[in-house]
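Coordinate analysis (summary)
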Amino acid sequence: MIGIPEKAKTFVNNRWLVFVASMWVQSCSGIGYMYGSISPVIKSTMGYNQRQIAVLGVAKDIGDAIGFVAGSLSEVVPIWVVLFIGVAQNFFGYGLVWLTVNHTLPPLPLWVLCVCIFVGTNGETYFNTGALVSGVQNFPKSRGPVVGILKGFAGLSGAILTQVYLMFNFPDEASIIFVVAVGPTIVITSVMFLIRPVGGHKQARQSDDTSFLALYGEEERLLNEEKQEVIDHGKTEVILSEVEDETPSEIDSLPAEEREKRISHLQARLVQAAADGAVKVKKKKGPRRGEDFTLTQALVKADFLLMFFSLVLASGSGLTVIDNLGQMCQSLGYENPHIFVSMISIWNFLGRVAGGYFSELVVRKYAYPRPVAMAAVQVVMSCSLLYYAVSAPGAIYIVSVVMGSCYGAHWAIVPSAASELFGLKSFGALYNFLTLASPAGSLIFSGVIASGIYDYEAKIQNATNLDTLTDGEALTCYGTICYSITCGILSVLCLMACVLSMIVVYRTKRVYAKLYGSS
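Residues numbered from 1 in each chain as written. Predicted model: local features only at pLDDT ≥ 70, side-chain atom pairs only at ≥ 80, totals over all residues. Heavy atoms only, no water.

This part takes up the pattern of salt bridges. Under the counting rule described, the total for this entry stands at four salt bridges. As a salt-bridge pair, Asp61 and Lys60 come within 2.6 Å of each other at their nearest N and O atoms. Note on Asp61: relative accessible area 3%, which makes it buried. What makes Lys60 buried here is its relative accessible area of 2%. Between Arg507 and Asp303 there is a salt bridge, and its shortest N-O distance comes to 2.6 Å. Separated by 204 residues along the polypeptide, Arg507 in helix 22 (residues 481–516) and Asp303 in helix 15 (residues 302–323) bring together distant segments of the chain. (Salt bridge = Lys/Arg side-chain N within 4 Å of Asp/Glu carboxyl O. Buried < 20%, exposed > 50% of the residue type's maximum accessible area, 1.4 Å probe, protein only. Helix = DSSP H or I, 4+ residues; strand = E, 2+ residues; numbered from the N terminus.)

Structural data, given as structure tokens:
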């Protein structure tokens, strides 16, 4: 009979317990999505203009994107250490912001608040790393659904933290920053020692797929890592450049044995011709699409750069809306932006689930390039932004739903597409580089365009009304004009992103046909 200590040990080392604890961590790790609720409080109490608020937003975005330190640490220290560093950064970063906003501390310079928000938001990269690393290692044969569920909870966390704030009915608005500083600290500290690799390959069960189906609705199978090797001559390094792209199509239709004979014969003729000086032969310069790339190799490939700049335009536009959502609501006369922050966070979660599901259908059922799903999402984003730009009724609701879901869908589609085209060997470096696209776009779209137009319109309204601002009073704009021009510009940028994505689709049709044509 098994004693209580053995049962307790088995329970603590159960990978499903670790997975549930990771879900709790991820439910607190979307701190960046709370900026739409935090920024109006900072603006009103500190007397900042919209450009200064945008600078704080860019600092937040950069902190959210720089995750290579957490990734490197996770390889050399226990997971709980990684989570503890994130907790410390989040608590001290946003704790100082809260103490400044509620006037416990004297007003800090703008650059100090930028550093605080950068440090605090960067803590969530440690939360993400700890939860995802343990999840993937504990469920090595179910990485797709594990990542999908955990990233989905990260998108939902903004709504969760907002509802916690509303539930306690705090007396002042600055308390929402207190919730951001203290909430994740309490939750993650209580479960961080449970989150670790526990030998998941030994606990694998046939019922795992059914279990994930109940959690996720649709299990995303592990990416097909099959590589197409048309020529592999082990005794010589002489390879005709781009031979596998130029192989006659009738060879592919031959039986396997006959195809190998024909290819060997063709290669022998090429080598002989090269020896006779009739054909110029050169060595293969690097991997081809569908093989494993390093980051430096990917950075010189047109497909990778096209994906990156498409993300800069589209994901940067989405992040601009998320960061400015509080001011957009106030300009339209809504006193409480928290409901819209909750909406955009919930739809962010649903967008990640739906984006992964439908993009998987595209590649599995039709063997069509996954970036076509990204192009479709970008068209929808453009239409919703145009709807706001023309001051249509209910535009703030449409933008909250569509931009939240489409922004989330990008981060379900892009990682899978990058791993398919550029391999899994350096996937961490490739993914972390792609995540820089959002803050890069937000730096320009929010920090320059949106804030500049907002302040310009606010000054015109203030001069027209002959109002005189008192010291410390924030310059505020009212009406759809505050963001309609910005949304019109962002709508055009999303269409440009769609064009870049469709170029990637056109260039990668053959790669996806090889990867999924027989599935």
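From this point, the discussion proceeds with the structure in view.
What follows covers the packing of helix 4 (residues 50–65) against helix 7 (residues 110–138). In the contact formed by helix 4 and helix 7, the axes pass within 7 Å of each other and the chain directions differ by 30°. Here helix 7 runs roughly parallel to helix 4, going by the angle between their axes. Seen along the crossing, helix 4 lies across helix 7 with a hand that is right-handed. Here Gln52, Val55, Leu56, Ala59, Lys60, Ile62, Gly63 and Asp64 of helix 4 lie close against helix 7, whose contacting residues are Leu110, Leu113, Cys114, Ile117, Phe118, Thr121, Asn122, Glu124 and Thr125. When the residues that make up the contact of helix 4 with helix 7 are grouped by side-chain class, the tally is nine nonpolar, five polar and three charged. (Axes fitted to C-alpha atoms, helices over the stretch in contact; angles between N-to-C directions. Parallel < 35°, antiparallel > 145°, perpendicular 65-115°, else oblique. Left-handed = near helix turned anticlockwise from the far one by under 90°. Contact = heavy atoms within 4.5 Å. Nonpolar A, V, L, I, M, F, W, Y, C, P; charged D, E, K, R; others polar.)

Turning to the side chain of Thr486, a few remarks are in order. Position of Thr486 relative to the elements: it lies in helix 22. We classify Thr486 as buried; its relative accessible area is 2%. Each residue touching Thr486, except ones within four places of it in the same chain, is listed here: Ile449, Ala450 and Ile453.

Attention now moves to the state of the cysteines. Structurally, a disulfide amounts to a covalent bond that connects the sulfur atoms of two cysteines. In the structure shown here, the tally under the stated rule is one disulfide. Paired through a disulfide, Cys477 and Cys482 show a sulfur-sulfur distance of 2.0 Å. Because the torsion about its S-S bond is -95°, the bridge between Cys477 and Cys482 counts as left-handed. The closest cysteine sulfur to the non-disulfide-bonded Cys406 is located on Cys494, 8.6 Å from its own sulfur. (Disulfide = S-S within 2.5 Å.)

Moving on to the packing of helix 18 (residues 371–389) against helix 19 (residues 395–422). When two helices pack together, you describe them by how their axes are tilted relative to each other and by the distance separating the axes. Taken N-terminus to C-terminus, the directions of helix 18 and helix 19 make an angle of 160°; their axes are 9 Å apart at the nearest point. The angle between helix 18 and helix 19 falls in the class roughly antiparallel. For the crossing formed where helix 18 meets helix 19, the hand is left-handed. The residues of helix 19 that touch helix 18, namely those facing Pro371, Ala373, Met374, Val377, Gln378, Val380, Met381, Ser384, Leu385, Tyr387 and Tyr388, are Ala395, Ile396, Ile398, Val399, Val402, Met403, Cys406, Ala409, His410, Ile413, Val414 and Ala417.

Turning our attention to the packing of aromatic side chains. Tallying each qualifying case throughout the model produces 16 aromatic pairs. With a centroid separation of 5.4 Å and an interplanar angle of 90°, the aromatic rings of Phe304 and Phe422 are classed as edge-to-face. On the criterion of sequence distance, the pair formed by Phe304 in helix 15 and Phe422 in helix 19 is long-range, its members being 118 residues apart. Phe304 gets classed as buried once you look at its relative accessible area, which sits at 1%. We classify Phe422 as buried; its relative accessible area is 0%. On the basis of an interplanar angle of 45° and a centroid distance of 5.6 Å, the ring pair of Tyr454 and Tyr483 is categorised as tilted. Taken together, the positions of Tyr454 in helix 21 (residues 437–464) and Tyr483 in helix 22 put the pair 29 residues apart, joining distant regions of the chain. Note on Tyr454: relative accessible area 1%, which makes it buried. Aromatic rings pair up to connect Phe293, Phe304, Phe308, Phe309, Phe422 and Phe433 into one cluster. (Phe/Tyr/Trp six-rings, centres within 6.5 Å; stacked < 30°, edge-to-face > 60°.)

Soluble globular proteins tend to bury their nonpolar side chains together. Counting residues in hydrophobic clusters, the biggest one holds 66 residues, and the most contacted among them are Tyr388 and Phe422. At the level of secondary structure, the elements contributing two or more residues to this core comprise helix 15, helix 16 (325–331), helix 17 (338–366), helix 18, helix 19, helix 20 (427–434), helix 21 and helix 22. Residue contributions to this core peak at 15 residues, all from helix 19. Non-local contacts of Phe422, meaning those with residues more than four positions away in its chain, are made with Glu291, Asp292, Phe293, Ala298, Lys301, Asp303, Phe304, Met307 and Leu430. (Core = buried A, V, L, I, M, F, W, Y, C linked by side-chain atoms within 4.5 Å.)

This paragraph deals with a nonpolar patch on the surface. Together, Leu299, Val300, Leu305 and Phe309 make up an exposed nonpolar region whose accessible area comes to about 350 Å². Mapped onto the elements, Leu305 comes out in helix 15. (Patch = residues over 30% accessible without salt bridge, like charges linked within 9 Å, V, L, I, M, F, W, Y side chains within 5 Å. Areas by Shrake-Rupley, 256 points an atom, 1.4 Å probe, with all protein chains shown as cover.)

In this fold, Gln461 is placed in helix 21. C-alpha separation for the pair Gln461 and Cys477, spaced 16 residues apart in sequence, amounts to 7.1 Å.

In this model, helix 18 (19 residues) spans 27 Å end to end at C-alpha, consistent with the 27 Å of a helix rising 1.5 Å per residue. Where helix 18 is concerned, the buried positions are Pro371, Ala373, Met374, Ala375, Val377, Gln378, Met381, Ser382, Ser384, Leu385 and Tyr388. Downstream of helix 18 by one or two residues, Ser391 has phi in the positive range, about 60°. (Expected span 1.5 Å × (residues − 1).)

Assignment of secondary structure puts Ile344 in helix 17. Sequence separation between Ile344 and Val402 is 58 residues; the distance between their C-alpha atoms is 8.2 Å.

We now examine the confidence of the model for the protein. Looking at the protein as a whole, its pLDDT mean stands at 79, while 79% of the residues score no less than 70. No element of the protein has a lower mean pLDDT than helix 11 (residues 243–246), at 39, and none a higher one than helix 18, at 95. Low confidence marks residues 276–283, where pLDDT is under 50. Its contacts with residues over four positions away, or in another chain, come to 14 contacts. (pLDDT = per-residue confidence, 0-100.)

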